[in-house]
Amino acid sequence: MQSEQVREHLHSIKKQWMRYALLAEIERRLGHPERAIQYAQEAVNASNGVERYMLVKEYERYNAAPEHIIHTSPDHDE
């Protein structure tokens with residue numbers, strides 16, 4: 001299965017936000033919305049700047065993350 005191969009290579013990805021974003025996408029495609037939302041929240045919280053903006057817009061596009069996920073990190077002002 002392709003998602004298993006991706007999971008095996010996650011350790012090689014140095015950016016934490018990117019690992020969470022990939023896990024969110026895997027879970028979304030597998031039909032696990034609760035886990036996808038959890039990973040999406042972690043990805044947004046671990047990102048800054050352009051990466052954060054792109055993640056927020058991507059999750060809005062796929063409706064993978066409710067509005068409260070996008071604004072959960074107290075470290076980021078939007």
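Rules of the game
Residues numbered from 1 in each chain as written. Predicted model: local features only at pLDDT ≥ 70, side-chain atom pairs only at ≥ 80, totals over all residues. Heavy atoms only, no water. Phe/Tyr/Trp six-rings, centres within 6.5 Å; stacked < 30°, edge-to-face > 60°. Helix = DSSP H or I, 4+ residues; strand = E, 2+ residues; numbered from the N terminus. Polar contact = N/O pair within 3.5 Å; in protein donor to acceptor, adjacent residues only side chain to side chain. Axes fitted to C-alpha atoms, helices over the stretch in contact; angles between N-to-C directions. Parallel < 35°, antiparallel > 145°, perpendicular 65-115°, else oblique. Left-handed = near helix turned anticlockwise from the far one by under 90°. Contact = heavy atoms within 4.5 Å. Nonpolar A, V, L, I, M, F, W, Y, C, P; charged D, E, K, R; others polar.

Caption draft 1: Up close: the packing of aromatic side chains. Inspection of every chain in the model, using the stated rule, returns one aromatic pair. Summarising the aromatic geometry, the rings of Y20 and Y39 are spaced 6.4 Å apart at their centres and angled 25° between planes, so their arrangement reads as stacked. Note that Y20 is positioned in helix α2 (residues 16–29) and Y39 in helix α3 (residues 33–45), a separation of 19 residues in sequence.

Caption draft 2: Quick peek at the side chain of S47. Secondary-structure assignment places S47 in the loop between α3 and α4 (49–62). In this structure the side chain of S47 is engaged in a polar contact, spanning 3.2 Å, whose partner is the backbone oxygen of A43. Within polar-contact distance, the side chain of S47 engages the backbone oxygen of V44 at 2.9 Å.

Caption draft 3: Molecular detail of the packing of α3 against α4. Where α3 contacts α4, the two axes come as close as 9 Å, and the packing angle between them is 155°. Between α3 and α4, the crossing angle belongs to the class labelled roughly antiparallel. Two packed elements cross with a definite hand, and for α3 against α4 that hand is left-handed. On α4, the residues touching A40, A43, V44 and N45 of α3 are R52, L55, V56 and Y59. In terms of residue class, the contact of α3 with α4 is built from six nonpolar, one polar and one charged.

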